[in-house]
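Residue-level listing of the chains:
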Amino acid sequence: MDKLIKIRFYKDRLFKGGIILLTVLSTVPLLLILFYIIKQGISSINWDFFINLPKPVGEKGGGIVNALIGSGIIVSCASLMAIPFGALVGLYLSEYKRDKLAYWVGLSVDVLQGIPSIVLGIIIYLWVVKPTGHFSSLSGSIALAIMMLPPIVKSTEETLKLIPGTIKEASLALGVPYYKTILRVILPMGLSGILSGSLLSISRVAGETAPLLFTAFGNPFINTNILKPMSSLPLLIFNYAGSAYEDWHKLAWGASFVLIMMILFLNIVTKILERRWKIQF
Amino acid sequence: MENSILKVEHLNAFFGEARILSDINLEIPVNQIIALMGPSGCGKTTFLRCINRLHELTPGARTEGNIYLFKDDIYRMNLIVLRRKIGMVFQRPNPFPTMSIFENVISGYTLNGISLSKLQKEEIVEDSLRKASLWTEVKDNLHKKGTFLSGGQQQRLCIARSLSMKPDIILFDEPTSSLDPISSNKIEELLLNLKKDYTIIIVTHNLQQAARTSDYTAFFYLGELIEFNKTQLLFSNPAKRQTEDYISGRFG
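Report follows, based on the coordinates. Because the structure is a prediction, the values reported are computed rather than measured.

A short note on the layout of surface pockets
Residue and element names in this part refer to chain A.
Right, on to step 1. Here the largest pocket defines a volume of roughly 620 Å³.
Right, on to step 2. Of all the elements in the fold, those that place two or more residues in the lining of the largest pocket are α3 (65-95), α6 (137-161), α7 (165-173) and α8 (178-205).
Right, on to step 3. Of the residues contributing to the lining of the largest pocket, the split by class is 8 nonpolar, 3 polar and 8 charged.

With respect to a nonpolar patch on the surface
Residues and elements named next belong to chain A.
Right, on to step 1. Residues Y103, W104, L107, V111, I115, I118, V119, I122, L126, W127 and F214 make up a contiguous nonpolar surface patch of about 1,100 Å² in total accessible area.
Right, on to step 2. Those elements that place two or more of their residues in the nonpolar patch are α4 (100-114) and α5 (117-132).
Right, on to step 3. For the nonpolar patch, the element with the highest residue contribution is α5, accounting for 5 residues.
Right, on to step 4. With respect to the helices and strands, I118 occurs in helix α5.

Things to note about the interface of chain B and chain A
Right, on to step 1. The interface of chain B with chain A comprises 27 residues on the first partner and 20 residues on the second.
Right, on to step 2. For the pairing of chain B and chain A, the buried interface totals around 1,900 Å² over both sides, and the portion due to carbon and sulfur atoms is 67%.
Right, on to step 3. Counting the surface chain B buries against chain A, the share from its top three residues, F96(B), P97(B) and L111(B), is 28%.
Right, on to step 4. Between chain B and chain A we count 1 salt bridge in total.
Right, on to step 5. In this structure, R49(B) and E169(A) form a salt bridge, with 2.6 Å as the shortest nitrogen-oxygen distance.
Right, on to step 6. The interface formed by chain B and chain A includes 5 residue pairs in polar contact (both at pLDDT 80 or more).
Right, on to step 7. Going through the elements one at a time, α2 (79-85), β6 (86-89), α3 (101-111) and α6 (151-163) of chain B are the ones with two or more residues in the side of chain B that touches chain A.
Right, on to step 8. Here the side of chain B that touches chain A gets 4 residues from one element, more than from any other, and that element is α3(B).
Right, on to step 9. Split into classes, the residues belonging to the side of chain B that touches chain A amount to 13 nonpolar, 10 polar and 4 charged.

Description of unusual backbone geometry
Residues and elements named next belong to chain B.
Right, on to step 1. Within the chain, N31 stands out as a residue other than glycine whose phi angle is a positive 50 degrees.
Right, on to step 2. In this structure, N31 sits in the loop between β2 (18-29) and β3 (33-37).
Right, on to step 3. Of note in the backbone geometry, S133 takes a positive phi value of approximately 45 degrees without being a glycine.
Right, on to step 4. Mapped onto the fold, S133 is located in the loop between α4 (118-131) and α5 (135-138).

Focus on helix α1 (residues 44-51) of chain B
Right, on to step 1. For α1(B), the tally of buried residues reaches 7 of 8 residues, placing the bulk of the element in the interior.
Right, on to step 2. Looking at α1(B), one finds that the buried residues are K44(B), T46(B), F47(B), L48(B), R49(B), C50(B) and I51(B).

Analysis parameters
Residues numbered from 1 in each chain as written. Chains lettered and ligands numbered in written order. Predicted model: local features only at pLDDT ≥ 70, side-chain atom pairs only at ≥ 80, totals over all residues. Heavy atoms only, no water. 1 Å grid on protein atoms, 1.4 Å probe; cavity = no way out; pocket = protein on both sides within 12 Å on 5 of 7 lines; lining within 4 Å. Points joined across faces, edges and corners; volume = space filled by probe spheres on them. Helix = DSSP H or I, 4+ residues; strand = E, 2+ residues; numbered from the N terminus. Nonpolar A, V, L, I, M, F, W, Y, C, P; charged D, E, K, R; others polar. Patch = residues over 30% accessible without salt bridge, like charges linked within 9 Å, V, L, I, M, F, W, Y side chains within 5 Å. Areas by Shrake-Rupley, 256 points an atom, 1.4 Å probe, with all protein chains shown as cover. Salt bridge = Lys/Arg side-chain N within 4 Å of Asp/Glu carboxyl O. Contact = heavy atoms within 4.5 Å. Buried area = accessible area lost by both parts, 1.4 Å probe. Polar contact = N/O pair within 3.5 Å; in protein donor to acceptor, adjacent residues only side chain to side chain. Buried < 20%, exposed > 50% of the residue type's maximum accessible area, 1.4 Å probe, protein only.

Pasting the structure below:
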């Protein structure tokens, strides 16, 4: 009898140990990647790296200011398009969950999430770049905005669905019209969810290369005109890492380091906001 | 009845095809506490939600018949005006979680875009919280979130929120069912204080609560109004067999 219990006890320990081991293993790739990129990239990082343009082949140094500004503009424009739009669609899905339209919209959003980013890039090339006749950062932003939509819609929908119906009824029972109830009671309660979904989707598309290849295209100079080609961090990494020159490889490592740090930072900010703005019902 | 505030005529309520209430006729006297009782699913909550037209919010729900507030047909009144005149307190306390205690009490005004001076706001908040017997407990913490209060305090905060709109009638949907006995007692005492200024309609599962607090009681069973009478009469000398069975605990 005692022996049997002992065996069970060891099985328990073994099981628990196995789970922990696998959990730790799953973080190993991330740690390795971080370690390697820091090792390769940190040497390029200095003040000049952030304020200079890339130098021509053969010259030492140079920076990535064009890509930093470009990434900032492209992602900001994409966010401006995707966040309000996605939040409103999410609101519709949570408010009218029984509607047939809501069912089909929900399904399309799921399918949209599965469309490869390169395909989106090509489609925006055909729909925006070709008709307008030139590459532009705006077309890149549109491609990224489409990629951002599904996670924003989903996180908004899920957050708003958790809000108890009686809170909405409390507002309506005070004589508050429906639209004001939504805008001033329901949406503020869902703000943390909408915001964290948005930040996560930003950090996700900030590293996207494929949708930008045929749209924003890249630019070795600083450009702030959204109707002209523009560089971005992932485009710069893609172009320079694929080149044959040691100096350009170094620049690409430095840019990777900056990009990963930005994404890490966004993720941490998201976690903090989620915790701080969490609303108790 | 001379001083009736609410008159219900041939009210039927449906969820899709299912008839929840059939042919309810009732006159509710002013400044009294009216208890609606009956077993689960008898339609008493639906009846309550018909009075401020929250019933229609559910997809597929509809009503037939008339309800008059004083002389006005509530189905022809502006919905927003109607709900300001008929306040409601729900089963579970539901203060707005993004708002402080102060903001919760005044929310009926701010959310409706009615602008008030700071002084007016403070007066309304203090007055409403006093009437809801919550003022002394929260007066030093008015700017803390309402959701930090205990369940009973939250429920009184919700009562204060309704009172702030100065309604004619306040509907209570089992307001004490999620509270402990002490908090429930406080709410019951509060109801007795409130009836000099308001007409109170309360849904309750608790027979003692109905007997203790109400002036009139309506007994609902299977979507019908079986009996409506002065509470004392209804409990001591029920006219209908079903009422007697229910209050003596034979079913429900």
